[in-house]
Amino acid sequence: FFPPPLVEALGLADDSVFPHIKRWIQAVQQAVPAAAENIAQVAALIASRAPKKMAHSDVCLRCDINDHIAVVTLNRPDARNAISPELGVRLARLNRELSSNSDVRVVVYTGAGSCFCSGVDLARMIPLITGAKQPRDEWDREVSANPDLIEVALLRSFDLGKPCISAINGACVAGGMELAMATDMRVAADSARFGLQECKWGLFPSGGSTVRLPKQIPYVAALEVMLTGQLYPASQLLQWGFLNYVVPVAEVLPRALELARVISSNGPFAVASIRRSVRACQDIRKEAEALKKESELAHAVFAHPDAKEGPRAFIEKRTPKWTTTTSRL
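Residues numbered from 1 in each chain as written. Predicted model: local features only at pLDDT ≥ 70, side-chain atom pairs only at ≥ 80, totals over all residues. Heavy atoms only, no water.

Enquirer: Whenever I open this one, the overall build of the protein confuses me. Can you help?
Expert: When you go through the protein residue by residue, the secondary structure sums to 15 helices and 11 strands. Within the protein, buried positions represent 45% of all 329 residues. Taking all contacts inside the protein whose residues are at least 6 apart in sequence as the whole, residues at least 24 apart take part in 67%. Element-wise, carbon and sulfur atoms account for 56% of the exposed surface of the protein, whose accessible area totals about 17,100 Å². (Helix = DSSP H or I, 4+ residues; strand = E, 2+ residues; numbered from the N terminus. Buried < 20%, exposed > 50% of the residue type's maximum accessible area, 1.4 Å probe, protein only. Contact = heavy atoms within 4.5 Å. Areas by Shrake-Rupley, 256 points an atom, 1.4 Å probe, with all protein chains shown as cover.)

Enquirer: I tried to follow the pattern of salt bridges on my own but got confused; where do I start?
Expert: Once the charged atoms of two side chains with opposite charge are near each other, the side chains can pair. Counted according to the given criterion, the structure contains 14 salt bridges. One salt bridge connects Glu142 with Arg93, and the closest N-O pair in it is separated by 2.9 Å. With Glu142 in helix 6 (residues 138–145) and Arg93 in helix 4 (residues 85–100), this residue pair connects regions lying 49 residues apart in the sequence. On the accessibility criterion, Glu142 (22% relative accessible area) is partly exposed. One salt-bridge network, in which partners are shared between bridges, spans Asp159, Asp184, Arg275 and Arg279. (Salt bridge = Lys/Arg side-chain N within 4 Å of Asp/Glu carboxyl O.)

Enquirer: It is not clear to me how a nonpolar patch on the surface should be interpreted in this structure. Could you clarify?
Expert: Together, Leu122, Trp201 and Leu203 make up a nonpolar patch on the protein surface, roughly 320 Å² of accessible area in all. Here Leu122 shows up in helix 5 (residues 122–130). (Patch = residues over 30% accessible without salt bridge, like charges linked within 9 Å, V, L, I, M, F, W, Y side chains within 5 Å.)

See the structure below:
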């Protein structure tokens, strides 16, 4: 009923035709039950080309979820993706949603246009936070009433409980760099520039920079970045160990997604537990105490059903069928 050339052609068809093809297949299936096998093949193609599941879509923020990976896009390109009150509130809400979404195993953050994020919108946010300006809309009012929302938006005081990757497609400055340093892995464009310029305007990089950056790059480099307010190329940040990969801008998101797919294919409970152990043990000074914490988390993994399924799948030379998806640990 559906010869191979037609099936292959469907794989190249424009997405707009799929609703019509789907209705046609349903009609044929009802009229000719014997076509079920061919129909299943065509239906699989349609499913693979179907639009991605959309978890969240607003003017200033997008989130696409597909195959256990959430791609969060800051969408204020004309404002260099600066965190406005609306974007801050929406991003904080989305981070909480993603944290509790057990179907999401990895989160990728990126920016629309040629900039990753230029930090907090100084003209809109700082006067609200300091009380120098009265709220003028619902977003302003929510930020004024809950200033900690920005900490959740930038992951300063909020951990999603699952791996996060920054796909840094352009300038990564101030709060944008603080968002990046709160993530676990980073892929940057070779044209991207990084910096913490708060001191130039008499401000403090309070999104976690003075705590996190000296742990992620050499101490002297961290102080240089924070006290000079200068911008640095991606190649320098790679040399300091702040980045995993530096690639041409067109390859940033694909490389980040490739990394995310590899991670999301692994045992979700094991991945979340390993991440939790690394983050928790960093702040434990005594090695014996850190090893005790590691053992506690490792025992939970070995007692989990996935720890039986993984070795069984290896022996049987097949892909593991994980019994659970990840959730906040």
